[in-house]
Amino acid sequence: MFLGLPLLAAVTLATQSPDASPHRRADSTARAPAKSVTATHAAQPPVIDGRDDDAVWRQAPPITEFQEWRPSEGGLPKLPTEAKVAYDAGNLYVFVRAFDPHPDSIITVLARRDYFTPTDMVWLFLDSYHDRRTGFEFGSTRHG
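Given the structure is predicted, the values throughout are model-derived calculations rather than measurements. (Residues numbered from 1 in each chain as written. Predicted model: local features only at pLDDT ≥ 70, side-chain atom pairs only at ≥ 80, totals over all residues. Heavy atoms only, no water.)

Colleague: When you look at the overall build of the protein in this model, what are you seeing that I'm missing?
Modeller: In terms of helices and strands, the protein carries one helix and seven strands. For the protein, the N- to C-terminal ordering of α and β elements is β-β-α-β-β-β-β-β. The burial tally for the protein puts 31% of its 144 residues in the buried class. Taking contacts inside the protein between residues at least 6 apart in sequence as the whole, the part at least 24 apart equals 49%. (Helix = DSSP H or I, 4+ residues; strand = E, 2+ residues; numbered from the N terminus. Buried < 20%, exposed > 50% of the residue type's maximum accessible area, 1.4 Å probe, protein only. Contact = heavy atoms within 4.5 Å.)

Structure, rendered in structure tokens:
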């Protein structure tokens, strides 16, 4: 239930556009427009416990438009995933729930740092300069 398929989520702190359909130019090098989401202000910080029962998570709109990264980059995920983003004066909070009908079948593999193992993972990419070229990335695999 915790982590689903590898996902690529580009998150920027902006207003989500009402028209989420991708617009493509005729040439093959065109990129789909960047998707953005709205982060919810947290009046009180959420408890970091893996649960979404804090007030801010009830207020934050769910993000459900994800893309598969591996094995088929840009493909639709095979399992549903939901994320929520919140912030306060000093922190950015991200809650991810990746659904799996058979969580007991999720494999975990011990490996060296920066090595992609055949396990489920979730990555968060922050486009902090809003240039689609630089930013920060955070990833997690399922442990335990």
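Text resumes after the structure shown.
Colleague: What is the right way to read the confidence of the model for the protein from this model?
Modeller: Detail in the predicted coordinates should be disregarded across regions flagged by low pLDDT. Scored by pLDDT, the protein comes out at a mean of 74, with 74% of its residues at no less than 70. Across residues 1-30, confidence stays below pLDDT 50; counting only partners more than four residues off in sequence or on other chains, it has 83 contacts. (pLDDT = per-residue confidence, 0-100.)

Colleague: How should I be thinking about the sheet that holds strand β5 (residues 92-98) in this particular structure?
Modeller: Picture the strands of a sheet paired through backbone hydrogen bonds; they go either parallel or antiparallel. Strand order in the open sheet made by the three strands is β2-β4-β5, with mixed pairing throughout. Each edge of the open sheet carries a strand with a single partner, namely β2 (40-41) and β5. In this structure, β2 lies alongside strand β4 (residues 81-87), joined through two bridges in parallel fashion. Within β4, the position partnered with T40 by the bridge is A86. (Pairing = 2+ DSSP bridges.)

Colleague: Is there a simple way to explain the packing of aromatic side chains in this structure?
Modeller: We describe a pair of aromatic rings using the distance from one ring centre to the other and the angle between the two ring planes. Going through the model one piece at a time under the given rule, you end up with two aromatic pairs. Residues W57 and F95 carry aromatic rings whose centres are separated by 5.7 Å and whose planes lie at 40 degrees to one another, so their mutual orientation is tilted. Taken together, the residues W57 in helix α1 (residues 55-59) and F95 in strand β5 connect sequence positions 38 residues apart. Look at W57 and you get buried, because its relative accessible area is 4%. (Phe/Tyr/Trp six-rings, centres within 6.5 Å; stacked < 30°, edge-to-face > 60°.)

Colleague: Help me understand the pairing of strand β6 (residues 121-126), please; the structure alone is not making it clear to me.
Modeller: The side chains of a regular strand alternate between the sheet's two faces. Across the six residues that make up β6, a large majority, five, are buried. Sheet topology note: the β6/strand β7 (residues 136-141) ladder contains six bridges and is antiparallel. Across the sheet, the residue bridging to L126 is F136, located in β7.

Colleague: What is the right way to read the side chain of K84 from this model?
Modeller: You can see K84 is positioned in strand β4. Of the buried charged residues, K84 lacks a salt bridge, with E82 as the closest side chain of opposite charge at 4.3 Å. Only 2.8 Å separates the side chain of K84 from the backbone oxygen of W57, close enough to count as a polar contact. Once you skip the residues sitting within four places of it in the chain, K84 turns out to touch W57, A60, P61, P62, Y93, V94 and F95. (Lys, Arg positive; Asp, Glu negative; His and termini not counted. Salt bridge = Lys/Arg side-chain N within 4 Å of Asp/Glu carboxyl O. Polar contact = N/O pair within 3.5 Å; in protein donor to acceptor, adjacent residues only side chain to side chain.)

Colleague: Help me out: how do you make sense of the pattern of salt bridges in this one?
Modeller: Should their charged atoms come close, side chains of opposite charge can pair. Taken as a whole and judged by the stated rule, the model has three salt bridges. The shortest N-O distance in the salt bridge between D53 and R51 comes to 2.9 Å. For R97, the salt bridge is made with D52, and the minimal N-O distance between the two is 3.2 Å. Of this pair, R97 sits in strand β5 while D52 sits in the loop between β2 and α1, and the two are 45 residues apart along the sequence.

Colleague: Mind showing me how you'd approach the nonpolar core here?
Modeller: Soluble globular proteins: nonpolar side chains tend toward being buried together. Grouped together as the largest cluster of nonpolar side chains are seven residues: A42, V56, W57, A60, A86, Y93 and F95. Mapped by element, the contributors of at least two residues to this core are α1 and β5. Excluding residues within four positions of it along the chain, Y93 makes contact with P45, P46, I48, W57, K84, V85, A86, Y87 and D88. Formed by six residues, the second largest nonpolar core is a distinct cluster that contains A39, I63, F66 and A83. (Core = buried A, V, L, I, M, F, W, Y, C linked by side-chain atoms within 4.5 Å.)

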